[in-house]
Amino acid sequence: MSLRGKYAIAGLGVTQMGRIYGRNSVDFAAEAVKLAIEDAGLKKEELDGLLVNSGVSPGLSLNLQNALGLHDLKLLNHMNAAGSTAGQMVQFASMAIDAGIVNVVACVYADAPLAPAKTSGEAFASRPLRPGMSGLFSTYGVFGPNTGYALACQRHMLKYGTTSRQLGAIAVAERAWAVMNPMAQMRTPITIEDHQNSRYVVQPLHLLDCCLVSNGGIAVVVMSAERARALRQPPVYILGMGQGHPGFSNRSGLNPETRTGAVIAKDAAFKMAGVTLADIDIREIYDCYTYTVLVTLEDYGFCEKGEGGAFVEDGKLSPDGSFPTNTGGGQLSSYYMWGMTPLSEAVIQARGQAGGRQVPKHGLVLVTGNGGILEYHSCLILGTHPS
Amino acid sequence: MAESEVPLPVPDERSKPFFEGAKRHELVLQKCKSCGAVLWPVKFRCDSCLNTELEWAKVSGKGKLYTFAIMHQVFHPGFADKVPYNIAVVELDEGLRVTTNVVGCSNSELRADMPLEVTFEDLSEKVTIPKFKPAE
């Protein structure tokens, strides 16, 4: 039997975000879980499952159980599918509850890579000395995830004629949403010219094509929709779910640079939810880079493959546009919490609690996660009604 | 190695034939004896047919530019005087894409599908690495 509408997100906890120092990733994770259970109106003792996703800073793992003083859990795991993990945690929590082995599961992500004297780029660009041929990458000057996305984005540009200004339209739209989000780190409006004038990190990616780096944590509580209805917050129903992991290949004929796992994940998710693309009111699309949004929108079929640039360039993703997307400012402008950024904003919008940036029609929200260089993908369809 | 130098690869047992080939200015890659797939970087098992019977073979060194990026940020002090430099993915005639740098032309001359061929840079007495240049 389908899981559609049987389980819900009943609580959301979001810590302070950004250059917040003096706390490590375990501290942020514990705070996020505490905030999420308080938000739901649950007691700590009612949690019997915990799924943990850590970022790049060390320390956060299964030890979170002890940091929270949780005893006799029935589900516990440290999960890692990069930026697709948040969506996956909600999926696995739902399936585990449905299997009858656990009842109330907290899913949490936290990271604290920023230190006072460290730039955002340094926080994510590890340069391990790797033996043998793998060491060649450093010799060629390949550092950090920026390069992989720049190569992928350039491939899209070469193949389809996508332009930097079109990517800029995504950055500008997300910033306009962030201006209305009190949680956002970047709240000064920008223009296409600002985007074009921002320095190159790895061409074709300008600085304003790249996500932020944040210290912080976010947790959600997944439980039966029936029980959630009796709690403090309006339940956000989990209607559809799917995953798609194309992996990476350097074989001719495959196109990992311009094709995401959305093409695989969407069928299961939309079938389960019993809705179509046209029914979606709000999109929260994983945005490690502007390009990730563009290529993901194509792969869900909002426009044809290769036409993402033309699709976004009129500003339709912005608050003034017809196609509300990344309504909190996304990871480009609000906070960088991997898959928890799109998921948290989806919960806020679906509940109708987004204040000045609330999208009037918020019944169905598409949430995506993405990791690696477009290698891993998760999809959730959330809604305000169970069916 | 001084901090200001580009980090050099350290050949190991498994990658020895590749670096020995590069030393001779030959592009030598692994080839699967079972399915013929050419592999890069070094593998224990063919990722196409999962066979472990691999051999080293000289490849054409010819291909075309698949995609590229221009690095502007200095992530390692060895690249401080090299930015902006290109990082390129070259699709070899053997049906495989490899990450490299293109030399012998300016970054602004890089074009989709431009024909390229391998060239070699002797970086130290021990280490030579393949790069690519516009085909003659």
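Every value quoted in this text rests on a predicted model; they were computed, and no experiment measured them.

Draft legend 1. Looking closely at the overall build of chain B. Per the secondary structure count, chain B includes one helix and eight strands. When the helices and strands of chain B are read in sequence order from the N terminus, they spell out α-β-β-β-β-β-β-β-β. Scaling as 2.2 N^0.38, a compact globule of 136 residues should have a C-alpha radius of gyration of about 14 Å, and chain B matches this with 16 Å. Contacts in chain B between residues at least 24 apart in sequence constitute 49% of all its contacts with a sequence separation of at least 6. When the 17 positive and 20 negative side-chain charges of chain B are each reduced to one mean point, those points stand 3 Å apart.

Draft legend 2. Layout of the side chain of Thr99(B). By the element assignment, Thr99(B) lies in strand β6 (residues 97-100). Setting aside chain neighbours within four positions, we find Thr99(B) in contact with Phe137(A), Tyr140(A), Val142(A), Trp40(B), Ile87(B), Ala88(B) and Val89(B).

Draft legend 3. Spotlight on the environment of Pro342(A). Residue and element names in this part refer to chain A. Looking at the element boundaries, proline 342 is found in helix α14 (residues 340-351). The class for proline 342 is buried, based on a relative accessible area of 4%. Apart from the residues lying within four places of it in its own chain, the contact partners of proline 342 are Glu284, Tyr286, Val367 and Thr368.

Draft legend 4. Quick peek at unusual backbone geometry. Residue and element names in this part refer to chain B. Between tryptophan 40 and proline 41 the backbone carries a cis peptide bond, its omega angle lying at -10 degrees. By the element assignment, proline 41 lies in the loop between β2 (38-39) and β3 (54-58). Here the bond from valine 83 into proline 84 is cis, since omega is -10 degrees, no more than 30 degrees from zero. The residue proline 84 is located in the loop between β4 (62-71) and β5 (85-92) in this model.

Parameters at a glance
- Per chain, residue numbering runs from 1 following the sequence as it is written.
- As a convention, the first chain written is A and the first ligand written is 1, with the rest following in written order.
- Given that the model is predicted, a residue must reach a pLDDT of at least 70 before its local features are reported, and side-chain atom pairs must reach 80 or more before they are shown or counted; all residues, however, enter totals for whole chains, interfaces and linings.
- Working from all heavy atoms in the structure, the side-chain values ignore hydrogens and water.
- Here a strand is any run of E in DSSP of at least two residues, a helix any run of H or I of at least four, and the numbering for each starts at the N terminus.
- Every radius of gyration here is taken over C-alpha atoms, with the globule rule written as 2.2 Å times N^0.38, N being the number of residues.
- We call two residues in contact whenever any of their non-hydrogen atoms come within 4.5 Å of each other.
- When charges are counted, Lys and Arg are positive and Asp and Glu negative, with His and the chain ends excluded.
- For the purpose of locating charges, the reference atoms are NZ of Lys, CZ of Arg, CG of Asp and CD of Glu.
- Burial classes: relative accessible area under 20% of the type maximum marks a residue as buried, over 50% as exposed, and values in between as partly exposed (1.4 Å probe, protein chains only).

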